[in-house]
Amino acid sequence: RSVGASMLEAGIEPDVVTYGNLILCAQMANNQSLAQELAERSKCKGYLKSVLWSIRSAGLDGKLEKAIEEFRLIKFGISPEVDTKAYNIILDACCSNKDVDRALEFFEDMEKKGVKRNRITFNTMMKGYCILGQVEQLQDMMDRMRKSGHEPDRASFTCLLGCFVRKLDLENAWRVFYEIDRLGFVADSHIVAIMMRLSSNSQTAHEAEKALSILDRPDVVPCLDVCAMKAALEACVCAKAYERLDRIISGYMRRRSEFKGCAYLFGLLIKGCKTLGSTRRAWEIWSIMLEEIGAPTEVVLGCMIDALIEGYEIEDALALFHEWKGSVKCDTITYSMLMKGFARIFDANRALELFRTMQANGVPRNHIVYTSLLTACSRAGFIDHAERILLDMRQDGCSPNAITYSVMINGHCQAGNMSAAVELMQSMTEAGMRPDCVIYNTLLGGCVRHSEWDLADTLLADMEKKAIAHSNITISTIVRMWSRRGCLENAIKTVYDALGESSACDPAGRRVPTSIVDAQVGSELLGACIHNGAYERAFEIFQDFKKWPNFDGPNGHAYNTIITGLVKYGNLHEGVRIAEESIELLRVGYRSRNTVDKSTMVQLFRALRKAELIEELGKPLYDKLVSVNFSVDETWISC
């Protein structure tokens, strides 16, 4: 706007090319009113190109009838190329506004008037069918394209791929993707975005991983395009693809000057940092956001608060809330996040205070708020308070659901009131809710905590009778139970039996992998071996981890457990080797779930000093820890 105004003030009338560029800039900035104003001003000069810009602008602004009205004013026959371009623009306006029937009328009109159709014409029609998910019509248009002498290009196959993903026809989507590969088309930002949506919509971790793997190709750089980066961030967060997520965020940080971010993108970046467990990087994104858009939206503020709470930085989250609550609307979701934070640190008093603030400010309370508050009270041992809140919840029109009962049952289990916990499960059944795996896991956890072995056996028999499938939490709890009962072989059998059942049937009857035995289960089994003095067995199982199907470990807890066990067993060389293995997993630059605790390293170095192995093993290990910015102390390697 300022450039155009400056030209007019200087007595310089923009020519058609300048007007076209100004209109294009306005459209790219999503300022359709300015684009329309410039188009109207340029039309008085009688330039056909300006009319075409006006049609395009009206279409982008959702004013299809205006676009068609402008199109009717064009005098055809000046140039075959211009005629085709004009029709392609009106086709795009119709398809973008989901009026493919009208687009088809113009498409057929081209043949009647002898206007030549080109590849863009057919691709535009295919885009319209893709938007509506009309895959058969899209394939018919591709056939017509071939018959007209135009071979489908990357854009054509991208439309077909997008349509199959939109229809959740993943088998045909993969068929098209492999055809794109076979034809040698590079996966551009549109294909990357579609494949990321395919990953997010996949029914299994295996299918999701297969789609995500295209991010590992050297010619795929999602952070070059905002749409591709958004889709990649969402898919990687959903699949917890840590290393890929780290690459995308690092790529954005390197290239951020090349494009302007938006609130939604900043929210996703902060959510990605939360997934990586890096509040430091979340703060960096927050600072960039303030620099570029001035203030957070409600969603971005919520993402940042959630990231801080996930990192147990509750005080910082609360300070941020108070800093922005006057200018950014803080709704029920924001309050529930803070409530969740207080629950994580067992601070029932501040959770209750925040709840009273919500009541005073008229902020609606929902199941999430009440569940977070009940969790805070239950974890802090305020069972009486939790019972009163349950009554308030009913009076507020929120009937207790399965999660509510789970929280209350957990509170009684924590307090050792196992009979009260079982009674609550019975009340739940009487209320018409079927206790699920989560409820049974909670009760089993209570049994293990308080050595209620008979009740645990009864609950497991009940799960089998009711055909309630075990989860990773169930397996972990059973392993811990057998460990506490001194039956290590039963614990090992439980895990390997579950590994033997590590596939299931999808709706089409195909065998697909599942991930019931995960890093948590593996860590629990290692702990059981160490607890029962079976150090060699623990080491054997740790080495066997990497062969387990669909296993997502070892995690930091597993590394801590095995290193501690090797130190106790006296196998320091192997302990150092495992520690170095964990260090290599930290080189991606974030506090991942593979992080070994500092206390474990202190224990390892103490043992190395006692065995006089500091020079041989301690100093090389120390240097590697320093190289990944691990918090070290020089006293570890002092003789």
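Every value quoted in this text rests on a predicted model; they were computed, and no experiment measured them. (Residues numbered from 1 in each chain as written. Predicted model: local features only at pLDDT ≥ 70, side-chain atom pairs only at ≥ 80, totals over all residues. Heavy atoms only, no water.)

A separate point is the overall build of the protein. Looking only at helices and strands, one finds 35 helices and two strands in the protein. Evaluated residue by residue, the protein yields a buried proportion of 49% over its 639 residues. Long-range pairs, those at least 24 residues apart, make up 60% of the contacts in the protein with a sequence separation of at least 6. On the protein, roughly 30,600 Å² of surface is accessible, and the fraction owed to carbon and sulfur atoms is 51%. (Helix = DSSP H or I, 4+ residues; strand = E, 2+ residues; numbered from the N terminus. Buried < 20%, exposed > 50% of the residue type's maximum accessible area, 1.4 Å probe, protein only. Contact = heavy atoms within 4.5 Å. Areas by Shrake-Rupley, 256 points an atom, 1.4 Å probe, with all protein chains shown as cover.)

With that settled, the discussion passes to the layout of surface pockets. As a volume, the second largest pocket reaches approximately 940 Å³. Lining of the second largest pocket is provided by 28 residues; of these, Lys 127, Thr 158, His 190, Ile 194 and Arg 197 occupy positions nearest its centre. For the lining of the second largest pocket, the elements supplying multiple residues, two or more each, are helix H8 (119-132), helix H10 (154-166), helix H12 (189-201) and helix H14 (226-239). Residue classes in the lining of the second largest pocket are distributed as 12 nonpolar, six polar and 10 charged. (1 Å grid on protein atoms, 1.4 Å probe; cavity = no way out; pocket = protein on both sides within 12 Å on 5 of 7 lines; lining within 4 Å. Points joined across faces, edges and corners; volume = space filled by probe spheres on them. Nonpolar A, V, L, I, M, F, W, Y, C, P; charged D, E, K, R; others polar.)

Take the environment of Val 448 next. Mapped onto the elements, Val 448 comes out in helix H26 (residues 437-449). The buried category is assigned to Val 448, whose relative accessible area is 2%. C-alpha separation for the pair Val 448 and Trp 482, spaced 34 residues apart in sequence, amounts to 9.1 Å. When neighbours within four sequence positions are excluded, Val 448 is seen to be in contact with Trp 453, Thr 477, Arg 480, Met 481 and Arg 484.

All told, the structure shown has 17 aromatic pairs when counted by the stated rule. Taking 5.3 Å as the distance between ring centres and 80 degrees as the angle between the ring planes, the aromatic pair formed by Phe 71 and Phe 106 counts as edge-to-face. With a gap of 35 residues between them, Phe 71 in helix H5 (residues 64-72) and Phe 106 in helix H7 (residues 100-112) connect regions that are remote in the sequence. Here Phe 106 falls in the buried class, since its relative accessible area comes to 5%. Members of the aromatic cluster, joined through ring pairs, are Tyr 496, Phe 542, Phe 545, Trp 548 and Tyr 559. Of note, Arg 117 hangs over the ring of Phe 107, and the distance from its end group to the ring centre comes to 3.9 Å. (Phe/Tyr/Trp six-rings, centres within 6.5 Å; stacked < 30°, edge-to-face > 60°. Lys NZ or Arg CZ within 6 Å of the ring centre and 35° of its normal.)

Judged by nonpolar contacts, the single largest core of 204 residues is most densely connected at Ile 90, Leu 161, Met 195, Met 196, Leu 443 and Leu 604. Apart from the residues within four sequence positions on either side, Leu 161 is in contact with Ala 173, Val 176, Phe 177, Ile 180, Ile 191, Ile 194 and Met 195. (Core = buried A, V, L, I, M, F, W, Y, C linked by side-chain atoms within 4.5 Å.)

A few words now on the pattern of salt bridges. The final tally for this structure, using the stated rule, is 35 salt bridges. Within the structure, one salt-bridge network assembled from shared partners comprises Glu 108, Glu 111, Arg 117 and Arg 144. (Salt bridge = Lys/Arg side-chain N within 4 Å of Asp/Glu carboxyl O.)

With a phi close to 60 degrees, Lys 98 is a non-glycine residue in the positive phi region. Of note, Lys 98 is situated in the loop between helix H6 (80-96) and H7. Backbone geometry places Leu 168, a non-glycine residue, at a positive phi of 60 degrees. Looking at where Leu 168 falls in the secondary structure, it is placed in the loop between H10 and helix H11 (170-182).

Checked against the element boundaries, Ser 476 lands in helix H28 (residues 472-484). Non-local contacts of Ser 476, meaning those with residues more than four positions away in its chain, are made with Gln 520, Val 521 and Glu 524.

Tallied over the full model, the rule gives one cavity of 30 Å³ or more. Estimates place the volume of the largest cavity at around 50 Å³. Along its surface, the largest cavity is lined by Arg 56, Gly 59, Leu 60, Ile 89, Asp 92, Ala 93 and Ser 96. When contributions to the lining of the largest cavity are tallied by element, the ones reaching two or more residues are helix H4 (48-60) and H6. No other element matches H6, which puts four residues into the lining of the largest cavity. Class assignment of the residues belonging to the lining of the largest cavity gives a composition of three nonpolar, two polar and two charged.

Contact pair helix H21 (residues 348-361) / helix H22 (residues 367-379): the axes reach a minimum separation of 8 Å and the direction vectors enclose 155 degrees. Judged by the angle between their axes, H21 and H22 are roughly antiparallel. When the axes of H21 and H22 are compared, the crossing they make is left-handed. Residues Ala 348, Ala 351, Leu 352, Phe 355 and Met 358 of H21 pack against Val 369, Tyr 370, Leu 373, Ala 376 and Cys 377 of H22. The class makeup of the residues in the contact of H21 with H22 is 10 nonpolar, no polar and no charged. (Axes fitted to C-alpha atoms, helices over the stretch in contact; angles between N-to-C directions. Parallel < 35°, antiparallel > 145°, perpendicular 65-115°, else oblique. Left-handed = near helix turned anticlockwise from the far one by under 90°.)

For helix H23 (residues 383-395), which comprises 13 residues, the first-to-last C-alpha distance of 19 Å matches the rise-based estimate of 18 Å (1.5 Å per residue) to within 8%. Considered for burial, the residues of H23 that qualify are Ile 383, Ala 386, Ile 389, Leu 390 and Met 393. For H23, the arc enclosing every buried residue in end-on projection is 110 degrees, short of the 170-degree limit, so these residues lie on one face. Exposed positions of H23 whose direction lies more than 90 degrees from the buried face are Asp 384 and Gln 395. Elements that come into contact with the buried residues of H23 comprise H21, H22 and helix H24 (402-415). (Expected span 1.5 Å × (residues − 1). Arc of directions from axis to C-beta.)

The end-to-end C-alpha separation of H21 is 20 Å, in line with the 20 Å expected for 14 residues at 1.5 Å each. At its buried positions, H21 is contacted by helix H20 (332-344), H22 and H23. Positive backbone phi, at 70 degrees, marks Gly 362, one or two positions downstream of H21.

Another aspect to go through is the packing of H10 against H11. Direction vectors running N to C along H10 and H11 enclose 160 degrees, while the axes themselves pass 8 Å from each other. Of the possible angle classes, the one that applies to H10 and H11 is roughly antiparallel. Here H10 and H11 pass one another in a crossing that is left-handed. When H10 is examined against H11, the residues Phe 157, Leu 160, Leu 161, Phe 164 and Val 165 are found in contact with a partner set consisting of Asn 172, Ala 173, Arg 175, Val 176, Phe 177, Glu 179 and Ile 180. Of the residues assigned to the contact of H10 with H11, the class counts are nine nonpolar, one polar and two charged.

Turning to the confidence of the model for the protein, a few remarks are in order. Summarising the model, the protein shows a mean pLDDT of 86, and 87% of its residues fall at 70 or more. Predicted confidence is poor over residues 502-514, with pLDDT under 50, and the contacts of this stretch with residues over four places away or in other chains come to 23 contacts. (pLDDT = per-residue confidence, 0-100.)

We now examine the environment of Asp 316. The topology assignment puts Asp 316 in helix H19 (residues 314-324). On the basis of relative accessibility, which here comes to 37%, the residue Asp 316 falls in the partly exposed class. Those residues in contact with Asp 316 that lie beyond four places of it in its chain are Trp 283 and Leu 308.

Quick look at the environment of Met 425 now. With respect to the secondary-structure elements, Met 425 resides in helix H25 (residues 418-430). Exposure remark for Met 425: the relative accessible area of 10% places this residue in the buried category. Along the sequence, Met 425 and Ala 402 sit 23 residues apart, while their C-alpha atoms lie 9.7 Å from each other. Ignoring any residue separated from it by four or fewer positions in sequence, one finds Met 425 in contact with Ile 409, Pro 435, Ile 439, Tyr 440, Leu 443 and Leu 459.

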